[in-house]
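# Summary of structural features
Spelled out from the first residue to the last, the chains are:
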Amino acid sequence: RRPVMAALLEALLLNHTFFFVGYSLRDPNFRSIFHRIDSLLKEVHRPAFATLFGDAPPMTRDLWAGKGLHLMPMGSADPHRR
């Protein structure tokens, strides 16, 4: 909904290493930006990192790693233990 903001984030993702904290891998804005960068630049974009509670299945890790996003598990997936 904010094309200027999306363009700014895309430019930053291309030139800086990002560490995402507090974003869901299912967030449509997050996914849209990553999909666009992946489709535009393929192998030349920089890696990024994201935290998640618990651990992601290997297939999910591989999918995101192929897009340059490396997942870092942080503690338990159980909301009461976070």
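Details of the structure are given in the entry above.
All values reported here derive from a predicted model rather than from experimental measurement.

### Topic: the overall build of the chain
Counting secondary structure elements, the chain contains three helices and three strands. Start at the N end of the chain and walk to the C end: the helices and strands fall as α-β-α-β-α-β. By residue count, 27% of the 82 residues in the chain fall in the buried class. Expressed as a percentage of contacts within the chain between residues at least 6 apart in sequence, the contacts between residues at least 24 apart total 44%. Of the accessible surface of the chain, which amounts to about 6,100 Å², a share of 59% is contributed by carbon and sulfur atoms.

### Side note on the sheet that holds strand S1 (residues 18-20)
One open sheet accounts for three strands, arranged S1-S2-S3; its pairing is parallel. Strand pairing shows two members of the sheet lacking a second neighbour, S1 and strand S3 (69-73), which therefore form its edges. Here the strands of the sheet are splayed against their neighbours by 20° on average, with no regard to which way each runs. Both strand S2 (residues 48-52) and S3 contribute to a ladder of five bridges, which runs parallel. Its bridge partner lying in S3, Phe49 is registered against His70.

### Looking at the environment of Ile33
Counting through the fold element by element, Ile33 comes out in helix H2 (residues 28-41). As for Ile33 and Leu9, which are separated by 24 residues in sequence, their C-alpha atoms are 7.9 Å apart. When residues no more than four places from it in sequence are discounted, the contact partners of Ile33 are Leu9, Glu10 and Leu13.

### Focus on the packing of aromatic side chains
Evaluated as defined, the whole model comprises three aromatic pairs. An angle of 85° between the planes, with centres 5.1 Å apart, marks the rings of Phe20 and Phe30 as edge-to-face. Here Phe20, found in strand S1, pairs with Phe30, found in helix H2; they are 10 residues apart in sequence, far enough to count as distant. You can call Phe20 buried: its relative accessible area is 11%. A relative accessible area of 5% means that Phe30 is categorised as buried.

### Topic: the pattern of salt bridges
Side-chain pairs of opposite charge can arise where the charged atoms are in close proximity. With the rule as written, the count across this model stands at one salt bridge. Measuring nitrogen to oxygen at the nearest pair gives 2.6 Å for the salt bridge that ties Arg61 to Asp55.

### A closer look at a nonpolar patch on the surface
Taken together, the side chains of Phe19, Val21, Phe53, Met72 and Met74 present a nonpolar region at the surface, about 480 Å² in accessible area. With respect to the helices and strands, Phe19 occurs in strand S1.

Rules and cut-offs
- Residues numbered from 1 in each chain as written.
- Predicted model: local features only at pLDDT ≥ 70, side-chain atom pairs only at ≥ 80, totals over all residues.
- Heavy atoms only, no water.
- Helix = DSSP H or I, 4+ residues; strand = E, 2+ residues; numbered from the N terminus.
- Buried < 20%, exposed > 50% of the residue type's maximum accessible area, 1.4 Å probe, protein only.
- Contact = heavy atoms within 4.5 Å.
- Areas by Shrake-Rupley, 256 points an atom, 1.4 Å probe, with all protein chains shown as cover.
- Pairing = 2+ DSSP bridges.
- Axes fitted to C-alpha atoms, helices over the stretch in contact; angles between N-to-C directions.
- Phe/Tyr/Trp six-rings, centres within 6.5 Å; stacked < 30°, edge-to-face > 60°.
- Salt bridge = Lys/Arg side-chain N within 4 Å of Asp/Glu carboxyl O.
- Patch = residues over 30% accessible without salt bridge, like charges linked within 9 Å, V, L, I, M, F, W, Y side chains within 5 Å.

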